[in-house]
Amino acid sequence: MKTTMTVNGEARTLDLDPRTSLLDALREHLNLKGSKKGCDHGQCGACTVLVNGARINACLSLAVMHDGDAVTTIEGLGSGENLHPMQAAFLEHDAFQCGYCTPGQICSAVAMLAEAEAGAASHATADLTAPVVLTDDEIRERLSGNICRCSAYPQILAAVRAVAGEPA
Ligand code: FES
Ligand code: FES
């Protein structure tokens, strides 16, 4: 099936087997290897990308479902001298060891901050009627879908905290 997506700001048309996951379309058809395949079962978050600004597990989504969508991968957030603030914070805070989970962690963190800003509650939110306060527990809960086998969690939290700012 012909599928056209805007990927990292560029229109890309692919002729895909309808069973192709978005993750495989990105990695194997568009050669964007930043999004990682950890489990291929929606359990680890290594494949997290942004679709129309929202985070999803690209391994659980069929590429043909994204005809007309805007997809942003880690490559589209920033690179080289032009890093996204979240990428720069991960570097500064040493928020990785092997780095396999890192693209997913960063994409997830970027979308998570937008969700919190928009007032979306999480399991850790005590007062559903008040604006979201990004406590450490909130950040941990909201990023709990991104597993780090190297256990760099304290540094990941520090990096996200640096971008989010201190809770008021
Ligand atoms: Fe998609 Fe693990 S590879 S959640
Ligand atoms: Fe190795 Fe997270 S840095 S899995």
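In short, a report on the structure. (Residues numbered from 1 in each chain as written. Chains lettered and ligands numbered in written order. Predicted model: local features only at pLDDT ≥ 70, side-chain atom pairs only at ≥ 80, totals over all residues. Heavy atoms only, no water.)

When helices and strands are counted, the protein shows six helices and five strands. Taken from N to C terminus, the helices and strands of the protein fall in the order β-β-α-β-β-β-α-α-α-α-α. C-alpha extents for the protein along the principal axes are approximately 50 × 35 × 30 Å. Looking at the 168 residues of the protein, the share that counts as buried comes to 43%. (Helix = DSSP H or I, 4+ residues; strand = E, 2+ residues; numbered from the N terminus. Buried < 20%, exposed > 50% of the residue type's maximum accessible area, 1.4 Å probe, protein only.)

The subject of this paragraph is the pairing of strand β1 (residues 2-7). On β1, burial follows the alternation: T3, M5 and V7 on one face are buried, whereas K2, T4 and T6 on the facing-out side are not. The turn linking β1 back onto strand β2 (residues 10-15) is made up of two residues, and N8 within it adopts a positive phi angle of 50°. Examined bridge by bridge, β1 and strand β5 (residues 70-72) share two bridges and lie parallel to one another. Looking at β5, one finds that V7 is bridged to V71. (Pairing = 2+ DSSP bridges.)

Turning our eyes to something else, we now look at helix α3 (residues 85-92). Quick reminder: α-helices carry 3.6 residues per turn. Residues three or four places apart thus point the same way. Where α3 is concerned, the buried positions are M86, Q87, A89 and F90. Angular distribution of buried residues about the axis of α3 spans 160°; they occupy a single face of the element. Exposed residues on α3 whose side chains face more than 90 degrees from its buried face are P85, L91 and E92. Of the surrounding elements, those touching the buried residues of α3 are α2 (74-77), α4 (102-117) and α6 (153-164). One or two residues past the end of α3 sits D94, with phi positive at roughly 55°. (Arc of directions from axis to C-beta. Contact = heavy atoms within 4.5 Å.)

In the sheet, β1 pairs with β2 via six bridges, with the strands oriented antiparallel. Of the residues in β2, the one forming a bridge with T6 is A11.

Attention shifts here to the packing of α3 against α4. Their axes nearest at 10 Å, the elements α3 and α4 cross at an angle of 125°. Taken together, the axis directions place α3 and α4 in an arrangement best described as oblique. Of the two elements, α3 crosses α4, and the hand of that crossing is right-handed. On the side of α3, the interface is formed by M86, Q87 and F90, while α4 contributes T102, Q105, I106, A109, V110 and L113. (Axes fitted to C-alpha atoms, helices over the stretch in contact; angles between N-to-C directions. Parallel < 35°, antiparallel > 145°, perpendicular 65-115°, else oblique. Left-handed = near helix turned anticlockwise from the far one by under 90°.)

In this structure, M86, F90, I156 and V160 are the most contacted members of the largest nonpolar core, which totals 26 residues. Mapped by element, the contributors of at least two residues to this core are α2, α3, α4 and α6. With eight residues, the single largest contributor to this core is α4. Non-local contacts of F90, meaning those with residues more than four positions away in its chain, are made with A95, F96, T102, Q105, I106, I156, A159 and V160. Membership of the second largest hydrophobic core comes to 17 residues, among which are L16, L32, C47 and A58. (Core = buried A, V, L, I, M, F, W, Y, C linked by side-chain atoms within 4.5 Å.)

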